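# Examination of the molecular architecture
Single-letter residue listing:
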Amino acid sequence: MSKRQAFLESVCKENVKDFLHFIQLHENKVEPFDVEEVVQEMSRDQKRALWGQLAVLLRDILLELPLDRWEAGVKVKSAANPESLQKHVMAVVDGVTLVASLSLKVLEDVDTYSALLEIAHMLHDVLMFDQVSQEPLQCHIHILFIDWWTKGLKEKEKFGRTAFLVSLQKSLTLKKPGIEIQRVWSLRDVLMSLDYTSEDNRQIIDLLLKCFQHPVFIRHDEGKRFLVYIFSWNVSFIRIIQGTIKDQLAVFSKSTTTHITEIYFRAWKKASGDFVEKIESSCIQDFMQNAIFLHRASPVLSKVRQILSYFHTKKDSHTVDKMLCNLYRPILWTALSVPNFEVRANATWLFTEAFPVHDPDQSSQSLDEEVQEQLDKAMGLLEDPHPTVRSIAILGVCKVLAKCWELLPSAVITEFLKKLVTELASDASSSDVRCSVFKSLTILLDNTLSHPLLEKLLPLCKYSLHDNSEKVRAAFLDMLIKVKEVRAAKFWDICNIDHLLGRLALDPQSVSGRIVSLLFKSFFPVNESEKEWCSRCITLIKMNPMAARKFYSHASNLTTPTNILKLMLAIRRFLNSCIQMNRDQVSENSENSDVNDDDDTAQLVLLGKDTDVMSSLLEVVVILWRSVKKSMELNNNAERFIFAKFGNVIDKYFQAFQDERCIVCLIQMASLLPADQATGFSSTVLPRLKSMDPGAMPKQYGQLLDCMCSWGWAADLVSLITDWLSEALPLKEKNVTPKRQKRFQKTVDAKPDLALTYLDYLLSHTSVREKILALSERSLKQLHAVLGRWKSVLYTHLTSNTEDPNSPSAETALRAFAHFGQLAAHLQHKFSAARDYLLSLEHMSTWVADVVLPCLCDAGADSEKSQRLATQITESFLTVCRDVLLVGLGDKIFKVEILHLCSGILLSETGYLHIHAVLPVLKEVADSCVPEDSHEALENQEITTTTIMEMVVGLFDNIVQKLCRYLRKEPEEGKQLCQSVVPGLTDFVKVAATWDRDALCGVFSTVFAVFIAEVARLLQKITNPDELVTPQSVKDMPPLSSIMLSVILPSPSVSRAFLTAVSSTLTSADISDVKELTATTHVLAVIRDSAKSKGGLKSAATSLLLQLHKHAVTSADSRDIHRVMYESSVKTVKEILDLFP
C-alpha cells in the first residue's frame, strides 16, 4: 500500500493512532515522510476525500470532548488510552490543523475546498474559545488563518479578522513581539475590511490604540509602518489617536517621542483629501496650540516641542513649508502679543524655530516684506518686558542668524548682534538674560561666517567675566572656550589674561574649572618639553600665585598622571638647580645645573632668592602630588620612583628653604612620603611635638600631627596624650604601670593642656580622626579611662575653698571632661557591638546629678566659683549628650537617663539658667523617637516611646513654668532669658509639630495655656472698658506670649499644629470663662495677619465663636466689663471668619 493510500485511510476516528503516527513522522526531520509532499501527489478526488475525512475526524473528536470541558481540564480515562482524553484531543486537532495548513499551500484554483472551509470554521471556534492555554495549537490555527487570508479564499474576512486580532494581542503581550508585529503589518489590509462604527470591532480599536502606547511597537520598523497605515483607516479615528498619544507623552522617553514624530510626519505625507486635513487640524495644529498654551513647567512641553521641531527641520520641502505657514498663521502672531508672559515665551520659541513662517508660493517682493516684518517682530521680542521672553528671544535670534546668515542683510545682522552684545549682555534686571546671551552666541559661533563680526564685537562684553552672577560668568567662559575651539578670535583679545587669572583665584570650581580648561594649553603645553612646562609654571606663579594653585589643582582632570609626575620632577630639578647656584654662584659647570650661560645662571640665582616663587613651586608640587596620589597607589613602580626622588632631596630642601611658607609646604610634602624616606625630618617630629608650649597655635602643631598619622604613628600620639594626661593627675588618681611611668620620666614633664589640644585636633579633623579610631580598642579605651578620671579634679575644684598651685586647673579638667564625652561617642560608633561607652556616659550623668547639681544650689560664701564651674560642667555634659543623640547613638535607656538628669537640672534653684542647654537635648530626644512608620512599631516599643515622650512633655511644662515665674519675679532679666532660649524653643516646637501622636500634642496645649494665663492676667486688671484694646501684632502681646508667637508663626507646620491644639481645647470646653475666651480671641487676632495655616485659623475661630455664644453676657449695663469683652471678642472673631469665603 502506498504512503498516500495509507495516510488517507488513517484519517478517521478508528485509525486515529495511525494518523497521529504519520504526524509524528512528519515532524521528525530524520524520517523521510512529508505530509505536504504526500498531499501534493494526491489527485483532485483524493484531496477532496482527504479534506472530507479530516472534517469528519475533527467533528467527531470535538464531540468526544466538547470545548466547554477543555478549560476545566476534565480528564476522562479511556480503556484504550490511559492518558488524559484532553491531551489526546489536542493532538488530533493539532494534526488536522497541520494537514489543513499544508493543503492550502498546494491548493489550486480548480480545487473544491468546501470541506476545508468547514474545518476552518471548527478551528475558528477552537481558537476563539482557547487563546492562551494551548500555545502551540493556537499558533498553528493562527498561521492557517493568515494563509487563508493571504490566498484570498472564501470568507477570508472572517478568518483574516481573527488572525489580525490574535496577532495584535500577541504583539502587545509577548516579550519579543517582532515576528507578530511583522504579521500585523502583513495583515494590514484586513483593517480596511472592518467597520469602524461597529461595536463588534471595539476590541480591535482598543488594541490599535494600545499599539500607540507600546514603545516596542513604536520603535519597530514594521510597527511604525503599521501605525502610519492606521491613520488612513477612518477620519474620525485620527482624533482618538491624537488623544491617546497626548496622554502618553509625559511618560514617553525622548527616543520614543522621536519615533512618534516620524509616524506623524509619514502619516501626514502619505495622507490625502480629508485625511490630510484632519491630521493637520487635529494633530499638527493641536500640537502647535499645546506648545503655546502649556505651562513651561509641564513635562509634556518638551515632547511637544520635539515633535514640532521635526517638522521645522523639513521646511526645505515646499509642502511642509506651506503647511506650517497655513497652520501657524491663525494662532502664532496673536500669541506673541498676549498679556500672559508664558504664552508669549512659548510663542517666541515656536516663532524662532519655524522662522521664516511664509507661504512659498507668494512673490519674491511679498516674501521679502513678510520676512522683514518677522525680523522686526524678533527685534521687538528682544525688548519684551519679561526676562523669560527676552531670554528665549535671544536664543531664537542666534539660531536664526546661524541658520540664515547668508540670506539676511548685513545691516540687520549687525543690528541684532549689537543689541545682544551692548545691551542685553549687560541687562541689569535679569541674570538669566545675560546668561542667555553668551549661551546663544556659542551656537552662533558654529557658523564660520559670523567670526569676523564677532571678533570686533565680543571685546565689548569683556567685563562679563566679573558679573556678579556665577552662571553668567560660567556661560561667558563657555563662549570663550568655543571661540578658542573654532578659532573665531584670540580669546585673550576678548578678555585679558590677568582678568582671567584674577577670576581663577577667586571663583568656585564651576567657574575656575572652565578657566583652567581655557588656559591649560597656555600654561601646560603638553607638546613642549618638560623644561618649558616648568618655565610656564614659574610665569603663572609670578602673574598670580593663588591662580597658580587653583590651576594645578585642576590639572589632573585635563592631562594624564604621567604628565603630572613629569612636571613634579621638572620642578624638582629646577629647585635643585636654584639651591646649587645659591651655594656656588660662580660655578657654571655644576653637576646638577641645567643652564649653560651667564644670563641663565643669574636668573636662577635671583629666582632661588625669591622666597615667594620657591614657596609657590613647593605648593604646586604638593598640590600635584595629592591630585595623583590614588593613581600612584595603583602603580607601585611610579610610586617608589617618586618616593626615592623626593626622599633624596627633602632634607636638603628643609636646609635651603627657611621661609615659613616653604616650611609648611615641605612638611606637607614629607607627610606624603614614607617616614623612612624623610628620616632627617621624621626623627624630629615627635620631639618637636613634645617640646611645644601649651599655648601653641594650630598652624604650629597641626601639620606635625598630620605627618605622624600619615606615617602610621598614630599609636605613638595616643600613647603620648594618655601618658601626659595620666601623669598630670593627682597621685591618688594615677593608674599606670611602673614601666610606663619610668619610661615617661626619661622624656619631658607632663603637659595636659597640650595633650588636650592635640586630642581636640585629632578628633575634629576627619582625615586624622579616621587614623586614630583605626587603632586597637585597648589603647583608645585606656585613653578614655584616663579622661574619665579627670572628673576627680573637677570635684576637687567644686568642693575646695582654696586652689592648690600644683593641682591641674579647673579649665584643663573641664576640657578633659568634655573630651571624655566626645571620645565615648566616637568609640560607641566605632565599636557598637556593646553599649559600654554609652554606659560610661550614663555613669557620668549619675555623677553630674549626685555631685555637680548640689553645687548649683550652694549658697555658701564661696559659692559663686563653684556655681560657675558646676554650670560649665553641666552645660558641657548636656552638649555632649545632645551630640550623641543627634548622630543617632543614644538608645532608649540612655534617653531616659539623660531626661532624668535634665529634670534634676530644672528642679534646682537656678534651673532657669540652664533652659537654653536643656531644650536642645529635649529636641534631639523627641526627634530621635519619631518612628519612620509609626503604624508598624511593635507594642512594647510603643510603650517605651510613649513614656519617653511623656517625660519630654513634662520637662517642657516645667520649662514654661520656670519662665513664667522668673518673668513675674524679674521682668527685665526674664525678657533677656526668654530671648536666649528662642533658638532652642524654635527647634523643639518644629519637632513637636512633626509628631503625629497625642504625646507631643500636649506641647502646644501647654503653649496655649501660657497665652491664656498671661493675657487673662492682664484682662483681670482692666477696670475701664476703654482700656480694652485688641492687639494687632506680636509686639502687643505680653512678654512670654510675644516670644512664643514669634517662634510659632514663621513655620507653617508649627502654626498648623498650634491651631489644632487651640481647636481641640475649645471643643473640649476646657475654657469656660469670658476672660479666657477674650484672651483666646486676642491670640487669634494676632495670628490672623501672619498665620501660615488658614484652614487651622478658620477652624479655631469657628470653635471660639461657638464657645462665646454659650457664654454670652447679657448684662443691661453697656459699661459692664464682661459685656464689653464679650462683644469685642464676637466682633473680632467674625472679622476673622469674614476672611474666609
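Residues numbered from 1 in each chain as written. Predicted model: local features only at pLDDT ≥ 70, side-chain atom pairs only at ≥ 80, totals over all residues. Heavy atoms only, no water.

### Brief notes about the overall build of the protein
For the record, the criterion: What counts as a helix is a DSSP run of H or I of at least four residues, what counts as a strand is a run of E of at least two, and both are numbered from the N terminus. Restricting the calculation to C-alpha atoms gives the radius of gyration, and the globule rule supplies 2.2 Å times the number of residues raised to the power 0.38. Here's how the labels work: a residue is buried when its accessible area is under 20% of the maximum for its type, exposed when over 50%, partly exposed in between, all with a 1.4 Å probe on protein chains only. Throughout, a contact is declared for two residues whenever any of their heavy atoms are within 4.5 Å. Only the protein chains shown count as cover for residues, and the accessible areas themselves come from Shrake-Rupley with a 1.4 Å probe. In this tally Asp and Glu are treated as negative and Lys and Arg as positive; neither His nor the chain ends contributes. Every charge is mapped onto a representative atom, which is NZ of Lys, CZ of Arg, CG of Asp or CD of Glu.
The helix and strand tally for the protein stands at 60 helices and 0 strands. The C-alpha radius of gyration computed for the protein amounts to 45 Å, which surpasses the reference 32 Å derived for 1141 residues by more than 25%, pointing to a less compact arrangement than a globule. Each of the 1141 residues in the protein was classed as buried or not, and the buried ones make up 52%. Within the protein, contacts between residues separated by at least 24 positions form 71% of all contacts whose residues are at least 6 apart in sequence. Accessible area for the protein stands at about 52900 Å²; split by element, carbon and sulfur atoms hold 51% of it. Across the protein, 127 positive and 140 negative side-chain charges occur, with their mean positions spaced 2 Å apart.

### Points about the environment of Phe-287
Counting through the fold element by element, Phe-287 comes out in helix H16 (residues 274-293). Measuring from C-alpha to C-alpha, the distance between Phe-287 and Arg-305 comes to 8.2 Å, with 18 residues separating the pair along the chain. What Phe-287 contacts, discounting residues up to four positions off in sequence, is Gln-242, Lys-246, Leu-249, Tyr-264, Val-304, Ile-307 and Leu-308.

### Here we look at the pattern of salt bridges
Note the threshold: A carboxyl oxygen of Asp or Glu within 4 Å of a side-chain nitrogen of Lys or Arg is what we treat as a salt bridge.
Evaluation of the coordinates by the stated rule reveals 33 salt bridges. Two residues, Asp-359 and Lys-322, come together in a salt bridge whose shortest N-O distance is 3.2 Å. A residue pair is termed long-range when its members are at least 10 positions apart, and Asp-359 in the loop between helix H20 (341-354) and helix H21 (364-381) and Lys-322 in helix H18 (residues 318-328) qualify at 37 residues. A residue is classified by how much of its surface remains accessible, and Asp-359, at 16% relative accessible area, is buried. When the shortest N-O distance is used, the salt bridge between Asp-446 and Lys-482 registers 2.7 Å. Here Asp-446 is found in the loop between helix H24 (431-444) and helix H25 (451-457), whereas its partner Lys-482 is found in helix H26 (residues 470-486), with 36 residues between them in sequence. A relative accessible area of 17% means that Lys-482 is categorised as buried. Three or more residues joined by partner-sharing salt bridges are found here, namely Arg-549, Asp-612, Glu-619 and Arg-661.

### Focus on unusual backbone geometry
The omega torsion across Phe-355 and Pro-356 is -10°, close enough to zero to call that bond cis. As for its position among the elements, Pro-356 is in the loop between H20 and H21. A positive phi is found at Glu-155, a non-glycine position, where the angle reads about 55°. Its place among the elements puts Glu-155 in the loop between helix H7 (135-151) and helix H8 (156-173). For Arg-487, which is not glycine, the phi torsion reads 55° and is therefore positive.

### Examining the packing of helix H41 (residues 714-728) against helix H43 (residues 752-764)
Geometry of a packed helix pair, given as the angle between the helix axes and the separation of the axes. Applicable threshold: Only C-alpha atoms enter the line fits that serve as axes; for helices the fit covers just the stretch in contact. Angles between N-to-C directions range over 0 to 180 degrees. For a crossing to be left-handed, the near helix must be turned anticlockwise from the far one by less than a right angle; the clockwise case is right-handed. The residue classification treats Ala, Val, Leu, Ile, Met, Phe, Trp, Tyr, Cys and Pro as nonpolar and Asp, Glu, Lys and Arg as charged. All others, Gly included, are polar.
Remark: H41 packs on H43, axes separated minimally by 8 Å, with the N-to-C direction vectors making an angle of 145°. Here H41 runs over H43; the crossing is left-handed. Contacts from Leu-717, Ile-721, Trp-724, Leu-725 and Ala-728 of H41 reach H43 at Pro-752, Leu-754, Ala-755, Leu-756, Tyr-758, Leu-759 and Leu-762. Each residue belonging to the contact of H41 with H43 can be placed in one class, and the counts come to 12 nonpolar, no polar and no charged.

### Points about the state of the cysteines
How we decide: For this text, the term disulfide refers to a pair of cysteine sulfurs within 2.5 Å.
Enumeration over the complete set of coordinates arrives at 0 disulfides. Looking at Cys-404, it has no disulfide partner, and the nearest cysteine sulfur is the one in Cys-398, 13 Å off. Owing to a relative accessible area of 8%, Cys-404 belongs among the buried residues under this scheme. Of all cysteine sulfurs, the one in Cys-534 lies closest to Cys-578, which takes part in no disulfide; the gap is 8.3 Å.

### Notes on the packing of aromatic side chains
What counts, and what does not: Each aromatic pair joins two rings of Phe, Tyr and Trp (for Trp, the six-membered one) with centres within 6.5 Å, and gets the label stacked for planes under 30 degrees apart, edge-to-face for over 60, and tilted for any other angle. Charge over a ring is defined by NZ of Lys or CZ of Arg lying within 6 Å of the ring centre and within 35 degrees of the ring normal.
On inspection of all chains with the given rule, the structure shows 40 aromatic pairs. Measuring from centroid to centroid gives 5.9 Å for Phe-212 and Phe-231, while their planes differ by 90°, and the two rings are edge-to-face. Taken together, the residues Phe-212 in the loop between helix H11 (202-211) and helix H12 (215-219) and Phe-231 in the loop between helix H13 (221-230) and helix H14 (235-248) connect sequence positions 19 residues apart. You'll find Phe-212 and Phe-231 in the same group, each marked buried. By way of ring pairs, the aromatic residues Phe-520, Phe-523, Phe-524, Trp-533, Phe-551 and Tyr-552 are connected into one cluster. Its end group placed over the ring of Trp-149, Lys-156 keeps NZ or CZ at 4.8 Å from the ring centre. The side chain of Arg-188 reaches across the aromatic face of Trp-185, ending 3.9 Å from its centre.

### Regarding a positive patch on the surface
This is how it is decided: A patch is a set of surface residues, each over 30% in relative accessible area and not in a salt bridge, joined within 9 Å for like charges and within 5 Å for the nonpolar side chains Val, Leu, Ile, Met, Phe, Trp and Tyr.
There is a patch of like positive charges on the surface, built from Arg-965, Arg-968, Arg-1017 and Lys-1021. Note on placement: Arg-968 falls in helix H52 (residues 939-969).

### Here's the deal with a negative patch on the surface
The grouping of Asp-368, Glu-369, Glu-373, Asp-376 and Glu-415 at the surface amounts to a negative patch. No other element matches the 4 residues that H21 contributes to the negative patch. Structurally, the position occupied by Glu-369 is in helix H21. The class for Glu-369 is partly exposed, based on a relative accessible area of 46%.

### Regarding the packing of helix H40 (residues 698-710) against H43
At their nearest, the axes of H40 and H43 sit 11 Å apart, and the two run at 65° to each other. As H40 packs across H43, the resulting crossing turns out to be right-handed. Residues Tyr-701, Gly-702, Leu-705, Asp-706 and Cys-709 of H40 pack against Thr-757, Tyr-758, Tyr-761 and Leu-762 of H43. Among the residues making up the contact of H40 with H43, the classes are represented as 6 nonpolar, 2 polar and 1 charged.

### Details of the environment of Lys-990
Among the structural elements, Lys-990 can be located in helix H54 (residues 982-994). Each residue touching Lys-990, except ones within four places of it in the same chain, is listed here: Ser-1051 and Val-1054.

### What about the confidence of the model for the protein?
What counts here: The pLDDT value expresses, per residue, how confident the predictor is, ranging between 0 and 100.
Averaged over every residue, the pLDDT of the protein is 86; residues scoring 70 or more account for 90%. Low confidence marks residues 72-83, where pLDDT is under 50. Its contacts with residues over four positions away, or in another chain, come to 10 contacts. A low-confidence stretch, residues 736-747 (pLDDT under 50), is modelled with 16 contacts involving residues beyond four sequence positions or located in other chains.

### Topic: the side chain of Ser-876
Inspection of the secondary structure puts Ser-876 in helix H49 (residues 863-886). Once residues lying within four places of it in the same chain are set aside, the contact partners of Ser-876 are Phe-817 and Ala-818.

### Here's the deal with the side chain of Asn-563
Along the chain, the position of Asn-563 falls in helix H32 (residues 561-583). Classification of Asn-563 as buried rests on a relative accessible area of 14%. Beyond its immediate chain neighbours, meaning those up to four positions away, Asn-563 contacts Phe-524, Val-526 and Trp-533.

### Quick notes on the environment of Pro-385
One can find Pro-385 in the loop between H21 and helix H22 (387-404). Residue class for Pro-385 comes out exposed when judged on its relative accessible area of 71%. Along the primary structure Pro-385 and Lys-1131 are separated by 746 residues, whereas in three dimensions their C-alpha atoms are 45 Å apart. Excluding residues that lie within four positions of it along the chain, Pro-385 makes contacts with Arg-344 and Arg-390.

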